[in-house]
Amino acid sequence: MVVEVENFYGCYLLYCTNPKYKGRTYIGYTVNPTRRINQHNKGSKFGGACRTSGKGPWDMVLIIHGFPNDISALRFEWAWQHPKRSRRLRHIASTKRKNETRFQNCVRILSHMLQVGPWNRLPLTIQWLKQEYKVDFEPTMAPPLHMPIAYGPVKSVKTKEPKDSDKQSQAKETTDDMDDDLLPLTQRSNKRCATCVQRLKPADDTLSCVHPDCTMVSHVTCLAKKFIKNSEFLLPVEGKCPTCKNMVLWGDLVRKKRGCYKNLEGDSQDL
């Protein structure tokens with residue numbers, strides 16, 4: 001199954017299968033994995049990197065996605081490419097070990113990166129695009145529990161723009177909301193933020209609970225503030241749903257919003 005993700009920002013690892021250059025690796029950033037691997041294999045004239053041009057074919061074997069924006073992903077890419085120069089990774093022995101391949105070295109550095117801030121608090125997904133290349137993380141360097149390890153191809157999809165009919169529907173909802181204000185709070189429809197109890201607008205950025213029987217919908221900022229209350233961190237990891245009271249991972253809420261939570265859930269059941 002191909003996992004479709006909206007607002008895709010990812011850092012990937014390439015592996016060269018050309019007998020002349022076999023074993024070489026390349027780390028990059030992309031918003032479209034399918035297009036990017038094609039560019040690498042076609043060469044620099046088609047948008048591929050100079051370091052990979054003419055040395056293909058290349059396999060995109062691993063991609064880390066779930067970054068909030070391009071800046072966050074690009075910083076991750078730079079640190080992965082230059083661990084010795086990154087102040088967050090100076091503590092690790094990034095030099096290739098004896099009997100360690102370049103590919104294994106890249107995966108080991110990645111495992112360290114996922115343990116340090118700010119990356120260890122992001123809702124990232126470790127996606128093995130080609131499972132035959134999978135390398136197990138060292139037992140003491142397993143990714144944080146809120147970062148799932150998934151398998152199979154991933155596809156970047158554009159955020160759907162509302163159609164004219166949707167806009168008309170939103171306008172009708174606004175009118176309904178005005179009528180709904182006349183009702184007692186307990187009788188109104190489920191169109192309020194479960195955290196701040198303010199009325200939700202069509203343009204509001206919201207998250208919904210991952211539990212199928214829960215109707216919780218909340219502003220992203222409201223729920224984030226609730227999850228990090230009395231915490232020293234700025235980014236939430238987990239918290240209690242204000243409606244069903246179940247503990248939920250922040251990463252799962254974000255993945256559901258981006259449309260890939262169900263796919264990940266299906267992948268874990270298949271394994």
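All values derive from a computational prediction rather than experimental measurement.

Engineer: Got a sec to walk through the sheet that holds strand β4 (residues 58-65)? Specific residues and values, please.
Structural biologist: Pairing is mixed across the open sheet formed by 5 strands, whose spatial order is β3-β2-β4-β5-β6. Looking along the sheet, the strands with just one partner apiece sit at the ends: β3 (25-30) and β6 (149-151). Between one strand axis and the next, the sheet turns by 25 degrees as a mean value, whatever way the strands run. Judged from the 3 bridges that link them, strand β5 (residues 125-128) and β6 form a sheet pairing that is parallel. Bridge pairing links I126 to I149 in β6. With respect to the sheet, helix α1 (residues 33-42) is in contact with β2 (10-16), β3 and β4, its orientation differing from that of β4 by roughly 145 degrees.

Engineer: Could you give an account of the packing of helix α2 (residues 70-81) against helix α3 (residues 102-113), with specific residues and numbers?
Structural biologist: Interaxial distance between α2 and α3 falls to 10 Å at its minimum, and their mutual angle equals 130 degrees. As the angle between them shows, α2 and α3 are arranged oblique. Between α2 and α3 lies a crossing whose hand is right-handed. Touching F76, A79 and W80 of α2 are C106, I109, L110 and M113, all from α3. In terms of residue class, the contact of α2 with α3 is made up of 7 nonpolar, no polar and no charged.

Engineer: Any details on α1? Residues and values, ideally.
Structural biologist: All buried positions along α1 are accounted for by P33, R36, I37, Q39 and H40. With its buried residues spanning 155 degrees around the axis, α1 presents them on a single face. On its buried face, α1 sits against β2, β3, β4 and β7 (154-157). Just past α1, the residue G43 takes up positive phi, approximately 115 degrees.

Engineer: So what's going on with the pattern of salt bridges? Residues and values would help.
Structural biologist: Per the counting criterion, the structure on display carries 3 salt bridges. Salt-bridge contacts for R97 lead to E138; the nearest nitrogen and oxygen are separated by 3.3 Å. Here the residue R97 occupies a position in the loop between α2 and α3, and E138 occupies one in the loop between β5 and β6, the gap between them amounting to 41 residues. A relative accessible area of 41% means that R97 is categorised as partly exposed. The shortest N-O distance in the salt bridge between K134 and D136 comes to 2.2 Å. Owing to a relative accessible area of 30%, K134 belongs among the partly exposed residues under this scheme. Note on D136: relative accessible area 60%, which makes it exposed.

Engineer: Can you explain the pairing of strand β1 (residues 3-6)? Please cite residues and give values.
Structural biologist: A one-sided burial pattern is seen for β1, the buried positions being V3 and V5 and the unburied ones E4 and E6. Taken together, the 4 bridges between β1 and β7 define a ladder with parallel strand orientation. Counted as the bridge partner of V3 is V154 from β7.

Criteria and cut-off values
- Numbers given for residues are sequential positions, taken from 1 along each chain in its written order.
- In keeping with the predicted nature of the model, local features appear solely for residues at pLDDT of at least 70, side-chain atom pairs appear and are counted solely at 80 or more, and the whole-chain, interface and lining totals rest on all residues.
- Working from all heavy atoms in the structure, the side-chain values ignore hydrogens and water.
- At least two DSSP bridges between two strands are needed for those strands to be called paired.
- Helix and strand labels come from DSSP, where a helix needs a run of H or I of at least four residues and a strand needs a run of E of at least two; each type is numbered from the N terminus.
- Axis lines are fitted to C-alpha atoms, over the contacting stretch for helices. Their N-to-C directions set the angle, which ranges from 0 to 180 degrees.
- The contact criterion used throughout is that any non-hydrogen atoms of two residues lie within 4.5 Å.
- In what follows, roughly perpendicular refers to angles from 65 to 115 degrees, roughly parallel to angles under 35, roughly antiparallel to angles over 145, and oblique to any angle outside these ranges.
- If you view the pair so one helix is near and one far, a crossing is left-handed when the near helix is turned anticlockwise from the far one by less than a right angle, and right-handed when it is turned clockwise.
- Charged means Asp, Glu, Lys or Arg here, nonpolar means Ala, Val, Leu, Ile, Met, Phe, Trp, Tyr, Cys or Pro, and polar covers whatever is left, Gly included.
- Burial here depends on accessible area, computed with a 1.4 Å probe over protein chains only, as a share of the maximum for the residue type. Under 20% is buried, over 50% is exposed, and the range in between is partly exposed.
- Think of the arc as the fan of directions from the helix axis to the C-beta atoms.
- Here, a salt bridge means any side-chain nitrogen of Lys or Arg that lies within 4 Å of a carboxyl oxygen of Asp or Glu.

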